[in-house]
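A closer look at the structure
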Amino acid sequence: MRRMTLEPRPDWLARLSALGMDLAANPTSPYWREDAAYSFSEREVETLHEAADELLDMITAATTHVIETDRFAELGIPPTLRDVVTRSWRAKEPSLYGRFDFRFDGEGPPKLLEYNADTPTALFEAAVVQWHWLAERFAGADQYNSIHEGLIETWNDWRRRGLVSRVHFACMPEDDDDLLTTAYLQDTAVQAGLDGLLIPIPDIGWDGRRFVDAATARIDALFKLYPWDWLTDDDFFPHLAQSNVRVLEPAWRIVPASKGILAILWELFPDHPNLLPASFDPAAIEGPHILKPLLGREGANMIVAGAGVAHASTDGPYAGMSTVAQALAPLPAFDGWHPVIGLWTIGDTPRGLGIREDRHLVTGRGARFVPHVIGV
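What counts and what doesn't
- Residues numbered from 1 in each chain as written.
- Predicted model: local features only at pLDDT ≥ 70, side-chain atom pairs only at ≥ 80, totals over all residues.
- Heavy atoms only, no water.
- 1 Å grid on protein atoms, 1.4 Å probe; cavity = no way out; pocket = protein on both sides within 12 Å on 5 of 7 lines; lining within 4 Å.
- Points joined across faces, edges and corners; volume = space filled by probe spheres on them.
- Helix = DSSP H or I, 4+ residues; strand = E, 2+ residues; numbered from the N terminus.
- Nonpolar A, V, L, I, M, F, W, Y, C, P; charged D, E, K, R; others polar.
- Buried < 20%, exposed > 50% of the residue type's maximum accessible area, 1.4 Å probe, protein only.
- Polar contact = N/O pair within 3.5 Å; in protein donor to acceptor, adjacent residues only side chain to side chain.
- Salt bridge = Lys/Arg side-chain N within 4 Å of Asp/Glu carboxyl O.
- Axes fitted to C-alpha atoms, helices over the stretch in contact; angles between N-to-C directions.
- Parallel < 35°, antiparallel > 145°, perpendicular 65-115°, else oblique.
- Left-handed = near helix turned anticlockwise from the far one by under 90°.
- Contact = heavy atoms within 4.5 Å.
- Pairing = 2+ DSSP bridges.
- Expected span 1.5 Å × (residues − 1).

Let us look at the layout of surface pockets. Quantified by volume, the second largest pocket comes out at close to 430 Å³. Taken together, 20 residues line the second largest pocket, and the ones lying closest to its centre are Pro94, Ser95, Trp252, Gly347 and Asp348. With four residues, the top contributor of residues to the lining of the second largest pocket is helix H2 (residues 42–68). Here the lining of the second largest pocket is composed, by residue class, of eight nonpolar, five polar and seven charged.

So, about the side chain of Asn274. By secondary structure assignment, the location of Asn274 is in the loop between helix H10 (261–268) and strand E11 (278–279). For Asn274, a relative accessible area of 7% gives the class buried. Among the polar contacts listed, one links the side chain of Asn274 to the backbone oxygen of Pro110, at a separation of 2.8 Å.

Glancing now at the environment of Ala283. The residue Ala283 is located in the loop between E11 and strand E12 (289–293) in this model. For the pair Ala283 and Gly306, spaced 23 residues apart in sequence, the C-alpha to C-alpha distance is 9.3 Å.

With that settled, consider the pattern of salt bridges. Enumeration according to the criterion identifies 28 salt bridges in this entry. Residue Asp229 pairs with Arg297 through a salt bridge whose shortest N-O separation is 2.9 Å. Placement of Asp229 in helix H7 (residues 228–231) and of Arg297 in the loop between E12 and strand E13 (303–305) is noted, with a sequence separation of 68 residues between them. Of the two residues, Asp229 and Arg297, both sit in the buried class. Taken together, the shared-partner salt bridges in this structure form one network comprising Arg3, Arg33, Asp35, Asp335, Glu357 and Arg368.

Below, the discussion takes up unusual backbone geometry. Working note: non-glycine residues mostly have negative phi, and peptide bonds are mostly trans. Leu248 connects to Glu249 through a cis peptide bond whose omega is -5 degrees. Note that Glu249 resides in the loop between strand E10 (246–248) and helix H9 (254–257). Positive phi, normally seen in glycine, also occurs at Asp70, with a value near 55 degrees. You can see Asp70 is positioned in the loop between H2 and helix H3 (82–90).

Looking now at the packing of helix H5 (residues 147–160) against helix H6 (residues 176–191). Two elements in contact, H5 and H6, have axes separated by 8 Å at closest approach and are oriented at 55 degrees. Classed by the angle they form, the pair H5 and H6 counts as oblique. In this structure, H5 crosses over H6, and the sense of that crossing is right-handed. In contact with His148, Leu151, Ile152 and Trp155 of H5, H6 contributes Tyr184, Leu185, Thr188, Ala189 and Gln191. Residues that form the contact of H5 with H6 fall into these classes: six nonpolar, three polar and no charged.

Now for the sheet that holds strand E17 (residues 349–358). Strand order across the open sheet formed by five strands is E4-E3-E16-E17-E18, with antiparallel pairing between neighbours. The open sheet terminates on both sides in strands that have one partner only, identified here as strand E4 (111–116) and strand E18 (368–370). Pairs of neighbouring strands in the sheet enclose a mean axial angle of 35 degrees, with direction left out of account. Note: strand E3 (residues 97–103) against strand E16 (residues 338–346), six bridges, orientation antiparallel. Note that in E16 the partner of Arg99 across the bridge is Trp344.

For the rest of this paragraph, the subject is the environment of Asp178. Assignment of secondary structure puts Asp178 in helix H6. Sequence-wise, Asp178 and Ala327 are 149 residues apart; in three dimensions their C-alpha atoms are separated by 30 Å.

The next thing to look at is H5. Note that an α-helix has 3.6 residues per turn; residues three or four places apart therefore point the same way. An ideal rise of 1.5 Å per residue puts 20 Å on 14 residues; H5 measures up with 20 Å between its terminal C-alpha atoms. Residues Ile147, Gly150, Leu151, Ile152, Thr154, Trp155, Asn156 and Trp158 constitute the buried set of H5. Next to the buried residues of H5 lie helix H4 (123–137), strand E5 (166–171), H6, E10, E16 and E17. Looking one or two residues beyond H5, the residue adopting positive phi is Gly162, at roughly 80 degrees.

The five strands are arranged E11-E15-E12-E13-E14 in an open sheet whose pairing can be described as antiparallel. Two strands bound the open sheet, and with one partner strand each, they are E11 and strand E14 (312–313). Relative to E14, E13 is paired through two bridges, and the arrangement is antiparallel. Its bridge partner being in E14, Ile303 is matched across the sheet by Ser313.

It is worth spelling out H6 at this point. In a regular helix each residue adds 1.5 Å, so 16 residues correspond to 22 Å; H6 covers 23 Å between its end C-alpha atoms and thus fits that length. Among the residues of H6, Asp177, Asp178, Leu180, Thr181, Thr182, Tyr184, Leu185, Gln186, Thr188 and Ala189 are the ones counted as buried. In this structure, the buried residues of H6 make contact with E3, H4, H5, E5, strand E6 (195–200) and strand E9 (221–224). If you check the start of H6, you find a side-chain oxygen 3.1 Å away from the backbone N of Asp177, and it comes from Asp175. At the exit of H6 stands Gly193, carrying a positive phi of roughly 95 degrees.

Okay, structure coming up:
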């Protein structure tokens, strides 16, 4: 694994705009940069794939454990979600996608930093933008990336099985990152032969009998890029909890989405090579550690603590939320940049990776997305 410094394509902004990603129109979300890229060997990619494949089974075991032993409170999951989550899990409601975030330097085993199971973003960049970059910049080279194909195959499978036919795709329209991800997923569903409608979350309504959109069309299936724990504060949540609307991601995904799952994984699989020590009790972690809000997002309100390390923290809206402690594993440095390897899973299959890098050790909302290539 190495970081390469490159010359961007002369017309790279125009090419991104042609794909539907207009950075000039979204200056607050400059995810994509192509003045650098990461090169992996085939063996390194296999190592990442194998780690994700094994961790998927471990996540399933940990989720089962939490639900069957009623450990929701430890994971910060609101009591109002307990029955919804349990019912969703027992019904085996399918999951569309997720993202493992790994610390990886190409030498030791990948170490799980967290699993994004409910509202992962930066999907379009990983699935489409870096693939087009590869075809134009390194024609004939390879990339660990079958995300796009995996999404269409999954939608197709669900359509054939009668699980979905029409899907409303909803997010908060003022969030450019969420809108990009949601619109892309809508496009993959349409490519698979489904009827997909993109709507803002405020347009979701309840007519007294069923959920409808602003045009009063019935909502049968709803993809929402909106966390389940936020939904519990909405007026229509009691109706959603008892409705037959198929929601993506399903309610049970809040269990692995909680960073408390890191402590559960370490409890069930102690000393696993792809895990870092984690506990709800910071005193149980020897040495430096990082405190993570259980339902925090985008690197907000992280606290680095412990003997022998400079204490640091990040800002955010989750101050006061219960935390889980994880042993500190500083990200590797490449030319002063610290990459996080985001490995995407579609259904129950690892499908590809996307890399975000930051000057800071905690990857935040301002991190940049850079592409990757195999064997160059």
